[in-house]
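Residues per chain, in single letters:
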Amino acid sequence: MPAGPKAKFEHGHDLMRFLLGHNKRAQAWVEVNFERLGLDHPLDKSTISLALNEKPVPPIVVRAFQDLYREIYSDPWAWCRPPDTLEELADFHGFAWWYRILRLDDVLTETAFDKLRKRPLKPDVRAAVQERLDSWSAKLRDVCEQQKADGELVRAYTADLDPQMDEWVSTPEGIRRGVRGDHVRFTRRAPYGLHHLFFLKPCRTTEDFVERAARAKALFGIDLLLPDIDREPSLGYAVALTQDDYDWAATMVDQMLKSKFADYTPRAWNGESWEYVVTRGEKQELWRYVWDDAAWDYREEVVGLHKVWEPRRDTGYHVPDQLVEPPEDVRVWVDEDVERVRVDGRWVSQKVEAHWAYPGGDRVKVVPRRWVPGEVTEGYWRDATEDEKVFHLTGLRRLTFELPDRETWLANRKKLLTARDYQPTDDEWEAKWVAHRDRMVAEQEAAVAAQDQVIADALAALNTGQPG
(Lines give C-alpha, C1' and ligand atoms only; values in the text may rest on other atoms or scores of the structure.)
Protein backbone atom coordinates (compact mmCIF):
# COMPACT_ATOMS: atom_id res chain seq x y z
CA MET A 1 0.00 0.00 0.00
CA PRO A 2 1.32 3.51 -0.81
CA ALA A 3 2.40 5.76 2.01
CA GLY A 4 0.01 8.55 2.96
CA PRO A 5 -2.67 9.52 5.46
CA LYS A 6 -4.19 6.71 7.51
CA ALA A 7 -7.67 6.07 8.88
CA LYS A 8 -9.36 3.52 11.15
CA PHE A 9 -12.19 1.13 10.33
CA GLU A 10 -14.43 1.82 13.31
CA HIS A 11 -16.48 -1.39 13.08
CA GLY A 12 -13.47 -3.72 13.12
CA HIS A 13 -14.00 -5.26 16.57
CA ASP A 14 -17.72 -5.79 15.90
CA LEU A 15 -16.93 -7.49 12.60
CA MET A 16 -14.24 -9.66 14.22
CA ARG A 17 -16.72 -10.78 16.88
CA PHE A 18 -19.31 -11.63 14.25
CA LEU A 19 -16.83 -13.54 12.08
CA LEU A 20 -15.59 -15.43 15.15
CA GLY A 21 -12.07 -14.22 14.42
CA HIS A 22 -12.01 -15.84 10.97
CA ASN A 23 -10.11 -13.23 8.98
CA LYS A 24 -10.04 -15.65 6.04
CA ARG A 25 -13.72 -14.98 5.33
CA ALA A 26 -13.05 -11.24 5.02
CA GLN A 27 -9.96 -11.96 2.93
CA ALA A 28 -11.94 -14.20 0.55
CA TRP A 29 -14.56 -11.48 0.07
CA VAL A 30 -11.90 -8.87 -0.74
CA GLU A 31 -10.26 -11.23 -3.26
CA VAL A 32 -13.55 -11.46 -5.16
CA ASN A 33 -14.47 -7.75 -4.98
CA PHE A 34 -11.14 -5.87 -4.93
CA GLU A 35 -11.54 -4.45 -8.45
CA ARG A 36 -15.01 -3.09 -7.71
CA LEU A 37 -13.64 -1.55 -4.52
CA GLY A 38 -10.95 0.34 -6.44
CA LEU A 39 -8.06 -1.75 -5.15
CA ASP A 40 -5.15 -2.66 -7.41
CA HIS A 41 -4.83 -6.12 -5.89
CA PRO A 42 -6.28 -8.25 -3.06
CA LEU A 43 -5.22 -7.26 0.46
CA ASP A 44 -2.62 -9.27 2.33
CA LYS A 45 -3.27 -10.88 5.70
CA SER A 46 -1.43 -8.22 7.69
CA THR A 47 -3.49 -5.35 6.22
CA ILE A 48 -6.75 -7.19 6.88
CA SER A 49 -5.66 -7.90 10.44
CA LEU A 50 -4.80 -4.22 11.00
CA ALA A 51 -8.18 -3.10 9.65
CA LEU A 52 -10.19 -5.57 11.75
CA ASN A 53 -8.22 -4.58 14.85
CA GLU A 54 -9.09 -0.92 14.14
CA LYS A 55 -5.48 0.07 13.47
CA PRO A 56 -4.55 2.85 10.99
CA VAL A 57 -4.74 1.73 7.34
CA PRO A 58 -5.04 3.60 4.01
CA PRO A 59 -8.49 5.23 3.49
CA ILE A 60 -9.23 3.01 0.47
CA VAL A 61 -8.94 -0.04 2.74
CA VAL A 62 -11.35 1.56 5.21
CA ARG A 63 -13.86 2.15 2.40
CA ALA A 64 -13.51 -1.47 1.28
CA PHE A 65 -14.30 -2.79 4.77
CA GLN A 66 -17.17 -0.33 5.10
CA ASP A 67 -18.69 -1.96 2.02
CA LEU A 68 -18.13 -5.39 3.58
CA TYR A 69 -19.75 -4.25 6.82
CA ARG A 70 -22.74 -2.81 4.98
CA GLU A 71 -23.24 -6.05 3.08
CA ILE A 72 -23.17 -8.12 6.26
CA TYR A 73 -25.27 -5.57 8.13
CA SER A 74 -27.96 -5.72 5.40
CA ASP A 75 -28.24 -9.52 5.60
CA PRO A 76 -26.28 -11.10 8.47
CA TRP A 77 -27.97 -14.50 8.03
CA ALA A 78 -26.33 -14.89 4.62
CA TRP A 79 -22.95 -14.68 6.38
CA CYS A 80 -23.50 -16.72 9.53
CA ARG A 81 -25.93 -19.43 8.47
CA PRO A 82 -24.58 -22.65 9.99
CA PRO A 83 -24.33 -25.98 8.12
CA ASP A 84 -27.31 -28.30 8.05
CA THR A 85 -25.39 -31.53 8.76
CA LEU A 86 -23.10 -32.41 11.65
CA GLU A 87 -20.19 -33.45 9.43
CA GLU A 88 -19.97 -29.93 7.99
CA LEU A 89 -19.83 -28.12 11.32
CA ALA A 90 -16.03 -27.87 11.28
CA ASP A 91 -16.24 -25.86 8.06
CA PHE A 92 -17.99 -23.12 10.06
CA HIS A 93 -15.97 -23.39 13.29
CA GLY A 94 -14.09 -25.97 15.33
CA PHE A 95 -15.83 -28.96 16.94
CA ALA A 96 -14.77 -27.73 20.37
CA TRP A 97 -16.63 -24.47 19.77
CA TRP A 98 -19.76 -26.31 18.66
CA TYR A 99 -19.56 -28.64 21.67
CA ARG A 100 -19.66 -25.58 23.94
CA ILE A 101 -22.30 -23.64 21.98
CA LEU A 102 -24.73 -26.57 21.72
CA ARG A 103 -24.09 -27.63 25.34
CA LEU A 104 -23.56 -31.28 24.46
CA ASP A 105 -21.86 -32.36 27.69
CA ASP A 106 -25.02 -34.20 28.78
CA VAL A 107 -25.34 -36.00 25.42
CA LEU A 108 -21.83 -37.28 24.57
CA THR A 109 -18.20 -36.68 25.38
CA GLU A 110 -16.19 -34.01 23.57
CA THR A 111 -13.80 -36.69 22.28
CA ALA A 112 -16.64 -38.66 20.68
CA PHE A 113 -18.06 -35.49 19.14
CA ASP A 114 -14.66 -34.49 17.77
CA LYS A 115 -14.29 -37.86 16.01
CA LEU A 116 -17.78 -38.04 14.49
CA ARG A 117 -16.34 -37.88 10.97
CA LYS A 118 -14.32 -41.04 11.58
CA ARG A 119 -16.72 -42.75 13.92
CA PRO A 120 -20.43 -42.13 13.22
CA LEU A 121 -22.63 -41.41 16.23
CA LYS A 122 -25.34 -43.76 17.38
CA PRO A 123 -28.71 -42.90 15.82
CA ASP A 124 -30.28 -41.69 19.07
CA VAL A 125 -27.23 -39.58 19.98
CA ARG A 126 -27.02 -38.15 16.48
CA ALA A 127 -30.72 -37.22 16.55
CA ALA A 128 -30.24 -35.40 19.90
CA VAL A 129 -27.26 -33.42 18.56
CA GLN A 130 -29.07 -32.59 15.33
CA GLU A 131 -32.08 -31.35 17.28
CA ARG A 132 -29.94 -28.94 19.28
CA LEU A 133 -28.21 -27.72 16.13
CA ASP A 134 -31.57 -27.07 14.45
CA SER A 135 -32.88 -25.25 17.51
CA TRP A 136 -29.77 -23.06 17.77
CA SER A 137 -29.88 -22.29 14.04
CA ALA A 138 -33.54 -21.27 14.25
CA LYS A 139 -32.78 -18.87 17.13
CA LEU A 140 -29.84 -17.41 15.21
CA ARG A 141 -31.98 -16.86 12.14
CA ASP A 142 -34.64 -15.06 14.19
CA VAL A 143 -31.94 -12.81 15.64
CA CYS A 144 -30.53 -12.05 12.18
CA GLU A 145 -33.96 -11.25 10.78
CA GLN A 146 -34.65 -8.91 13.71
CA GLN A 147 -31.32 -7.14 13.21
CA LYS A 148 -32.04 -6.78 9.49
CA ALA A 149 -35.50 -5.34 10.22
CA ASP A 150 -34.02 -2.92 12.76
CA GLY A 151 -31.54 -1.74 10.16
CA GLU A 152 -34.42 -0.99 7.76
CA LEU A 153 -36.21 0.96 10.49
CA VAL A 154 -33.14 3.07 11.23
CA ARG A 155 -32.60 3.85 7.54
CA ALA A 156 -36.23 4.88 7.11
CA TYR A 157 -36.25 7.00 10.29
CA THR A 158 -32.99 8.69 9.27
CA ALA A 159 -34.45 9.46 5.84
CA ASP A 160 -37.45 11.11 7.51
CA LEU A 161 -35.19 13.28 9.67
CA ASP A 162 -32.94 14.37 6.80
CA PRO A 163 -34.63 13.65 3.46
CA GLN A 164 -32.29 13.98 0.50
CA MET A 165 -33.67 15.87 -2.48
CA ASP A 166 -32.93 15.38 -6.17
CA GLU A 167 -33.16 18.19 -8.70
CA TRP A 168 -34.82 17.11 -11.95
CA VAL A 169 -34.77 19.20 -15.12
CA SER A 170 -37.04 18.85 -18.14
CA THR A 171 -35.04 18.65 -21.39
CA PRO A 172 -36.04 17.80 -24.98
CA GLU A 173 -34.53 14.33 -24.45
CA GLY A 174 -36.52 13.68 -21.28
CA ILE A 175 -36.18 14.40 -17.56
CA ARG A 176 -32.56 14.46 -16.40
CA ARG A 177 -30.47 15.01 -13.31
CA GLY A 178 -27.23 16.96 -13.18
CA VAL A 179 -28.00 19.27 -16.14
CA ARG A 180 -29.16 22.85 -16.53
CA GLY A 181 -32.54 23.78 -17.86
CA ASP A 182 -36.01 25.10 -17.16
CA HIS A 183 -38.91 23.43 -15.38
CA VAL A 184 -36.94 22.31 -12.33
CA ARG A 185 -38.68 20.00 -9.86
CA PHE A 186 -37.30 18.71 -6.57
CA THR A 187 -38.21 15.20 -5.46
CA ARG A 188 -37.27 13.16 -2.47
CA ARG A 189 -34.59 10.53 -2.90
CA ALA A 190 -35.18 7.01 -1.59
CA PRO A 191 -35.36 5.53 0.96
CA TYR A 192 -38.71 7.20 1.39
CA GLY A 193 -38.95 6.75 5.12
CA LEU A 194 -41.32 5.01 7.48
CA HIS A 195 -44.45 5.63 5.36
CA HIS A 196 -43.25 3.46 2.51
CA LEU A 197 -41.56 0.92 4.75
CA PHE A 198 -44.82 0.32 6.60
CA PHE A 199 -46.78 0.08 3.39
CA LEU A 200 -44.59 -2.83 2.26
CA LYS A 201 -45.11 -4.87 5.43
CA PRO A 202 -47.71 -7.65 5.47
CA CYS A 203 -49.03 -6.61 8.89
CA ARG A 204 -50.76 -3.25 8.42
CA THR A 205 -52.59 -2.37 11.60
CA THR A 206 -52.37 0.90 13.50
CA GLU A 207 -50.95 -0.89 16.55
CA ASP A 208 -48.21 -2.50 14.47
CA PHE A 209 -47.37 0.84 12.83
CA VAL A 210 -47.05 2.56 16.21
CA GLU A 211 -44.87 -0.24 17.62
CA ARG A 212 -42.53 -0.12 14.63
CA ALA A 213 -42.32 3.67 14.61
CA ALA A 214 -41.53 3.78 18.34
CA ARG A 215 -38.84 1.13 17.88
CA ALA A 216 -37.36 3.10 14.97
CA LYS A 217 -37.04 6.21 17.12
CA ALA A 218 -35.48 4.25 19.98
CA LEU A 219 -33.03 2.48 17.65
CA PHE A 220 -31.82 5.75 16.17
CA GLY A 221 -29.69 6.52 19.21
CA ILE A 222 -28.20 3.01 19.50
CA ASP A 223 -25.06 1.57 17.94
CA LEU A 224 -26.57 -1.42 16.13
CA LEU A 225 -23.91 -4.10 16.41
CA LEU A 226 -24.01 -7.32 14.45
CA PRO A 227 -25.63 -10.36 16.12
CA ASP A 228 -23.61 -12.06 18.84
CA ILE A 229 -23.13 -15.68 17.75
CA ASP A 230 -20.43 -16.75 20.19
CA ARG A 231 -23.04 -17.74 22.74
CA GLU A 232 -26.80 -18.18 22.84
CA PRO A 233 -27.86 -16.24 19.70
CA SER A 234 -28.77 -12.67 20.61
CA LEU A 235 -28.74 -9.14 19.28
CA GLY A 236 -25.54 -7.24 19.82
CA TYR A 237 -27.54 -4.41 21.39
CA ALA A 238 -30.52 -3.79 23.66
CA VAL A 239 -33.53 -1.59 22.89
CA ALA A 240 -35.50 0.21 25.59
CA LEU A 241 -38.63 2.02 24.35
CA THR A 242 -39.78 5.04 26.35
CA GLN A 243 -43.15 6.75 26.60
CA ASP A 244 -41.74 9.61 24.52
CA ASP A 245 -41.01 7.12 21.73
CA TYR A 246 -44.61 5.86 21.80
CA ASP A 247 -46.08 9.38 21.95
CA TRP A 248 -44.05 10.45 18.93
CA ALA A 249 -44.95 7.27 17.08
CA ALA A 250 -48.67 7.65 17.75
CA THR A 251 -48.64 11.21 16.35
CA MET A 252 -46.61 10.19 13.30
CA VAL A 253 -48.84 7.22 12.48
CA ASP A 254 -51.98 9.34 12.89
CA GLN A 255 -50.63 11.86 10.38
CA MET A 256 -49.52 9.05 8.09
CA LEU A 257 -52.96 7.44 8.00
CA LYS A 258 -54.71 10.77 7.44
CA SER A 259 -52.46 11.40 4.44
CA LYS A 260 -53.76 8.19 2.81
CA PHE A 261 -50.16 7.32 1.99
CA ALA A 262 -51.15 3.90 0.66
CA ASP A 263 -53.20 5.53 -2.10
CA TYR A 264 -50.23 7.54 -3.32
CA THR A 265 -47.50 4.94 -3.44
CA PRO A 266 -46.02 5.70 -6.87
CA ARG A 267 -44.34 2.38 -7.52
CA ALA A 268 -45.33 -1.27 -7.62
CA TRP A 269 -43.34 -3.55 -5.33
CA ASN A 270 -42.21 -6.81 -6.97
CA GLY A 271 -40.61 -8.30 -3.84
CA GLU A 272 -37.12 -6.90 -4.46
CA SER A 273 -37.55 -3.43 -5.94
CA TRP A 274 -40.08 -0.85 -7.04
CA GLU A 275 -41.08 -0.92 -10.69
CA TYR A 276 -43.11 1.60 -12.64
CA VAL A 277 -43.86 2.50 -16.24
CA VAL A 278 -42.93 5.89 -17.64
CA THR A 279 -45.02 7.05 -20.61
CA ARG A 280 -43.64 9.92 -22.65
CA GLY A 281 -45.88 10.75 -25.60
CA GLU A 282 -45.89 7.60 -27.69
CA LYS A 283 -43.08 5.84 -25.78
CA GLN A 284 -43.18 3.60 -22.71
CA GLU A 285 -40.33 2.45 -20.49
CA LEU A 286 -40.22 0.15 -17.47
CA TRP A 287 -38.06 1.63 -14.69
CA ARG A 288 -36.74 0.03 -11.53
CA TYR A 289 -35.86 1.60 -8.19
CA VAL A 290 -33.58 -0.78 -6.28
CA TRP A 291 -31.32 -0.60 -3.24
CA ASP A 292 -27.60 -0.41 -4.11
CA ASP A 293 -25.46 -1.95 -1.36
CA ALA A 294 -22.26 -0.44 -2.72
CA ALA A 295 -23.65 3.11 -2.80
CA TRP A 296 -25.74 2.61 0.35
CA ASP A 297 -28.60 4.29 -1.46
CA TYR A 298 -31.34 3.57 -3.98
CA ARG A 299 -30.73 3.90 -7.71
CA GLU A 300 -33.04 4.24 -10.69
CA GLU A 301 -32.50 2.44 -13.95
CA VAL A 302 -34.31 1.34 -17.08
CA VAL A 303 -35.12 -2.36 -16.77
CA GLY A 304 -35.35 -2.92 -20.50
CA LEU A 305 -39.02 -2.62 -21.38
CA HIS A 306 -39.19 0.16 -23.94
CA LYS A 307 -42.29 0.15 -26.10
CA VAL A 308 -43.37 2.43 -28.93
CA TRP A 309 -47.01 3.19 -29.68
CA GLU A 310 -48.17 2.30 -33.16
CA PRO A 311 -51.28 4.43 -33.83
CA ARG A 312 -54.50 3.22 -35.39
CA ARG A 313 -53.99 2.92 -39.12
CA ASP A 314 -56.27 2.86 -42.20
CA THR A 315 -54.78 1.24 -45.30
CA GLY A 316 -57.03 3.39 -47.55
CA TYR A 317 -55.72 5.94 -50.03
CA HIS A 318 -56.44 9.40 -51.37
CA VAL A 319 -57.73 9.94 -54.91
CA PRO A 320 -56.43 13.30 -56.22
CA ASP A 321 -58.51 15.91 -58.04
CA GLN A 322 -59.53 14.63 -61.46
CA LEU A 323 -60.46 16.48 -64.65
CA VAL A 324 -63.37 14.84 -66.53
CA GLU A 325 -64.20 15.85 -70.09
CA PRO A 326 -67.61 15.17 -71.72
CA PRO A 327 -67.64 12.75 -74.67
CA GLU A 328 -66.77 14.31 -78.01
CA ASP A 329 -70.04 13.27 -79.75
CA VAL A 330 -72.02 15.85 -77.78
CA ARG A 331 -69.95 18.79 -79.03
CA VAL A 332 -71.40 21.49 -81.26
CA TRP A 333 -69.62 23.82 -83.68
CA VAL A 334 -69.83 27.53 -82.95
CA ASP A 335 -69.17 29.89 -85.86
CA GLU A 336 -66.97 32.92 -85.64
CA ASP A 337 -68.70 35.75 -83.84
CA VAL A 338 -68.26 39.10 -82.14
CA GLU A 339 -69.13 39.35 -78.45
CA ARG A 340 -69.54 42.37 -76.19
CA VAL A 341 -67.39 42.05 -73.05
CA ARG A 342 -66.73 44.47 -70.18
CA VAL A 343 -63.07 45.52 -69.80
CA ASP A 344 -61.98 48.04 -67.14
CA GLY A 345 -65.54 49.21 -66.67
CA ARG A 346 -66.24 49.72 -70.40
CA TRP A 347 -68.07 47.53 -72.88
CA VAL A 348 -65.96 46.61 -75.89
CA SER A 349 -66.45 44.35 -78.90
CA GLN A 350 -64.23 41.23 -79.01
CA LYS A 351 -63.88 38.76 -81.83
CA VAL A 352 -64.38 35.07 -80.96
CA GLU A 353 -63.02 32.54 -83.38
CA ALA A 354 -65.01 29.49 -84.41
CA HIS A 355 -64.65 26.56 -82.04
CA TRP A 356 -66.16 23.37 -80.67
CA ALA A 357 -68.26 23.82 -77.52
CA TYR A 358 -70.16 21.66 -75.08
CA PRO A 359 -73.76 22.57 -74.45
CA GLY A 360 -74.96 22.95 -70.88
CA GLY A 361 -71.80 24.03 -69.09
CA ASP A 362 -68.04 24.02 -68.86
CA ARG A 363 -65.96 21.92 -71.16
CA VAL A 364 -64.17 20.18 -68.25
CA LYS A 365 -65.59 19.02 -64.91
CA VAL A 366 -63.40 18.71 -61.76
CA VAL A 367 -63.90 15.70 -59.43
CA PRO A 368 -62.54 16.83 -56.00
CA ARG A 369 -60.04 14.83 -53.96
CA ARG A 370 -61.57 12.04 -51.89
CA TRP A 371 -60.53 9.31 -49.40
CA VAL A 372 -61.12 5.67 -50.24
CA PRO A 373 -61.25 3.67 -46.93
CA GLY A 374 -59.26 0.47 -46.57
CA GLU A 375 -58.56 -2.10 -43.84
CA VAL A 376 -58.34 -0.55 -40.35
CA THR A 377 -55.77 -1.82 -37.82
CA GLU A 378 -56.06 -0.86 -34.15
CA GLY A 379 -53.20 0.90 -32.35
CA TYR A 380 -50.82 -1.19 -30.22
CA TRP A 381 -47.56 -1.03 -28.26
CA ARG A 382 -44.54 -2.64 -29.89
CA ASP A 383 -41.02 -3.24 -28.61
CA ALA A 384 -38.65 -0.49 -29.68
CA THR A 385 -35.65 -1.30 -31.80
CA GLU A 386 -32.19 -0.90 -30.30
CA ASP A 387 -31.59 2.23 -32.39
CA GLU A 388 -34.85 3.75 -31.14
CA LYS A 389 -33.82 3.11 -27.54
CA VAL A 390 -30.42 4.71 -28.07
CA PHE A 391 -31.92 7.76 -29.78
CA HIS A 392 -34.51 8.14 -27.02
CA LEU A 393 -31.80 8.21 -24.35
CA THR A 394 -29.10 10.22 -26.12
CA GLY A 395 -30.62 11.96 -29.13
CA LEU A 396 -27.96 10.24 -31.26
CA ARG A 397 -28.44 7.84 -34.13
CA ARG A 398 -26.06 5.17 -35.33
CA LEU A 399 -24.56 5.62 -38.78
CA THR A 400 -25.18 3.19 -41.60
CA PHE A 401 -23.71 3.04 -45.07
CA GLU A 402 -24.11 1.14 -48.28
CA LEU A 403 -21.43 0.28 -50.80
CA PRO A 404 -21.68 2.17 -54.08
CA ASP A 405 -23.05 0.13 -56.96
CA ARG A 406 -20.23 -1.17 -59.13
CA GLU A 407 -22.00 -0.75 -62.46
CA THR A 408 -23.21 2.76 -61.64
CA TRP A 409 -19.74 3.82 -60.51
CA LEU A 410 -18.09 2.41 -63.63
CA ALA A 411 -20.61 4.09 -65.91
CA ASN A 412 -20.09 7.47 -64.26
CA ARG A 413 -16.31 7.18 -64.37
CA LYS A 414 -16.30 6.17 -68.02
CA LYS A 415 -18.41 9.22 -68.90
CA LEU A 416 -15.65 11.45 -67.54
CA LEU A 417 -13.15 9.87 -69.92
CA THR A 418 -15.20 10.06 -73.13
CA ALA A 419 -13.33 13.18 -74.31
CA ARG A 420 -9.93 11.64 -73.65
CA ASP A 421 -7.92 9.45 -75.93
CA TYR A 422 -6.88 7.15 -73.08
CA GLN A 423 -9.28 4.36 -72.14
CA PRO A 424 -8.29 1.90 -69.35
CA THR A 425 -8.54 -1.80 -70.00
CA ASP A 426 -11.12 -3.94 -68.24
CA ASP A 427 -8.50 -5.13 -65.71
CA GLU A 428 -7.48 -1.53 -65.02
CA TRP A 429 -11.11 -0.52 -64.53
CA GLU A 430 -11.58 -3.42 -62.09
CA ALA A 431 -8.49 -2.40 -60.13
CA LYS A 432 -9.75 1.20 -59.93
CA TRP A 433 -13.14 -0.02 -58.71
CA VAL A 434 -11.60 -2.24 -56.02
CA ALA A 435 -9.40 0.61 -54.79
CA HIS A 436 -12.37 2.98 -54.66
CA ARG A 437 -14.55 0.41 -52.92
CA ASP A 438 -11.91 -0.37 -50.28
CA ARG A 439 -11.33 3.32 -49.59
CA MET A 440 -15.06 3.95 -49.17
CA VAL A 441 -15.42 0.97 -46.84
CA ALA A 442 -12.49 2.13 -44.67
CA GLU A 443 -13.77 5.72 -44.46
CA GLN A 444 -17.32 4.74 -43.62
CA GLU A 445 -16.29 2.06 -41.13
CA ALA A 446 -14.18 4.69 -39.35
CA ALA A 447 -17.13 7.09 -39.31
CA VAL A 448 -19.46 4.38 -37.95
CA ALA A 449 -16.94 3.40 -35.25
CA ALA A 450 -16.48 7.03 -34.22
CA GLN A 451 -20.24 7.54 -33.92
CA ASP A 452 -20.61 4.29 -31.97
CA GLN A 453 -17.96 5.51 -29.52
CA VAL A 454 -19.78 8.84 -29.11
CA ILE A 455 -22.99 6.95 -28.36
CA ALA A 456 -21.23 4.59 -25.93
CA ASP A 457 -19.71 7.54 -24.06
CA ALA A 458 -23.08 9.29 -23.93
CA LEU A 459 -24.80 6.19 -22.55
CA ALA A 460 -22.09 5.70 -19.93
CA ALA A 461 -22.18 9.32 -18.78
CA LEU A 462 -25.93 9.74 -18.99
CA ASN A 463 -27.60 10.08 -15.60
CA THR A 464 -31.13 9.33 -16.68
CA GLY A 465 -34.22 8.97 -14.59
CA GLN A 466 -37.81 9.90 -14.02
CA PRO A 467 -38.98 11.08 -10.63
CA GLY A 468 -41.90 9.23 -9.15
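Above this text is the structure in question.
The structure presented is a predicted model; accordingly, all values stated were derived computationally and were not measured. (Residues numbered from 1 in each chain as written. Predicted model: local features only at pLDDT ≥ 70, side-chain atom pairs only at ≥ 80, totals over all residues. Heavy atoms only, no water.)

**Examining the pairing of strand 12 (residues 337-343)**
Two strands pair when backbone bridges link them, and strand 12 and strand 13 (residues 346-352) are joined in this way by 7 bridges, in the antiparallel orientation. Bridging across to strand 13, valine 338 finds its partner in lysine 351. Following strand 12, the chain reverses through 2 residues before pairing antiparallel with strand 13; aspartate 344 in that reversal takes a positive phi of roughly 50°. (Pairing = 2+ DSSP bridges. Helix = DSSP H or I, 4+ residues; strand = E, 2+ residues; numbered from the N terminus.)

**Quick look at a negative patch on the surface**
A grouping of Asp84, Glu88, Glu131 and Asp134 is seen on the molecular surface, where their side chains present a negatively charged patch. Its location among the elements puts aspartate 84 in the loop between helix 5 (77-80) and helix 6 (89-92). Residue classification places aspartate 84 among the exposed positions, given a relative accessible area of 53%. (Patch = residues over 30% accessible without salt bridge, like charges linked within 9 Å, V, L, I, M, F, W, Y side chains within 5 Å. Areas by Shrake-Rupley, 256 points an atom, 1.4 Å probe, with all protein chains shown as cover. Salt bridge = Lys/Arg side-chain N within 4 Å of Asp/Glu carboxyl O. Lys, Arg positive; Asp, Glu negative; His and termini not counted. Charge placed at Lys NZ, Arg CZ, Asp CG, Glu CD. Buried < 20%, exposed > 50% of the residue type's maximum accessible area, 1.4 Å probe, protein only.)

**Points about unusual backbone geometry**
Of note in this structure, glutamate 54 is not a glycine but carries a positive phi near 60°. With respect to the element layout, glutamate 54 can be found in the loop between helix 3 (45-52) and helix 4 (59-74). A positive phi angle is found at arginine 103, which is not glycine, with a value near 50°. By the secondary structure assignment, arginine 103 is in the loop between helix 7 (95-101) and helix 8 (110-114).

**Looking at the packing of aromatic side chains**
Applying the stated rule across the entire model yields 14 aromatic pairs. Centroid distance phenylalanine 95 to phenylalanine 113: 5.3 Å. Interplanar angle 85°. Geometry classified as edge-to-face. Taken together, the positions of phenylalanine 95 in helix 7 and phenylalanine 113 in helix 8 put the pair 18 residues apart, joining distant regions of the chain. The exposure class of phenylalanine 95 is buried, given its relative accessible area of 9%. Look at tyrosine 99 and phenylalanine 113: their rings are 6.1 Å apart centre to centre, the planes differ by 45°, and that puts the pair in the tilted class. Here tyrosine 99, found in helix 7, pairs with phenylalanine 113, found in helix 8; they are 14 residues apart in sequence, far enough to count as distant. For the pair tyrosine 99 and phenylalanine 113, a shared accessibility class is recorded, and that class is buried. Among the aromatic residues, those joined into a ring-pair cluster are Phe9, Phe65, Tyr69 and Tyr73. The ring centre of phenylalanine 391 lies 3.8 Å from the NZ or CZ of arginine 397, which sits over that ring. (Phe/Tyr/Trp six-rings, centres within 6.5 Å; stacked < 30°, edge-to-face > 60°. Lys NZ or Arg CZ within 6 Å of the ring centre and 35° of its normal.)

**Describing the pattern of salt bridges**
Summed over the entire model, instances satisfying the criterion amount to 22 salt bridges. In this structure, arginine 132 and aspartate 106 form a salt bridge, with 2.9 Å as the shortest nitrogen-oxygen distance. Of the two residues, arginine 132 sits in helix 9 (residues 123-161) while aspartate 106 sits in the loop between helix 7 and helix 8, which places them 26 residues apart along the sequence. The class for aspartate 106 is exposed, based on a relative accessible area of 55%. Ionic contacts of the salt-bridge type, sharing partners, join the residues Asp14, Arg17, Asp228 and Arg231 into one network.

**Looking at the environment of arginine 103**
For arginine 103, a relative accessible area of 56% puts it in the exposed group. The spacing of arginine 103 and arginine 132 is 29 residues in sequence and 8.5 Å in space, taken between C-alpha atoms. Once residues lying within four places of it in the same chain are set aside, the contact partners of arginine 103 are Arg132 and Glu232. (Contact = heavy atoms within 4.5 Å.)

**Describing the side chain of threonine 47**
As for its placement among the helices and strands, threonine 47 is situated in helix 3. In contact with threonine 47, other than residues within four places in its own chain, are Val57 and Val61.

**Considerations on the environment of leucine 194**
Relative to the assigned elements, leucine 194 resides in helix 10 (residues 194-200). With 40 residues separating them in the primary sequence, leucine 194 and valine 154 have C-alpha atoms 9.2 Å apart. If near-sequence neighbours (up to four positions away) are discounted, leucine 194 is found in contact with Leu153, Ala156, Tyr157, Asp160, Ala213, Ala216, Trp248 and Met252.

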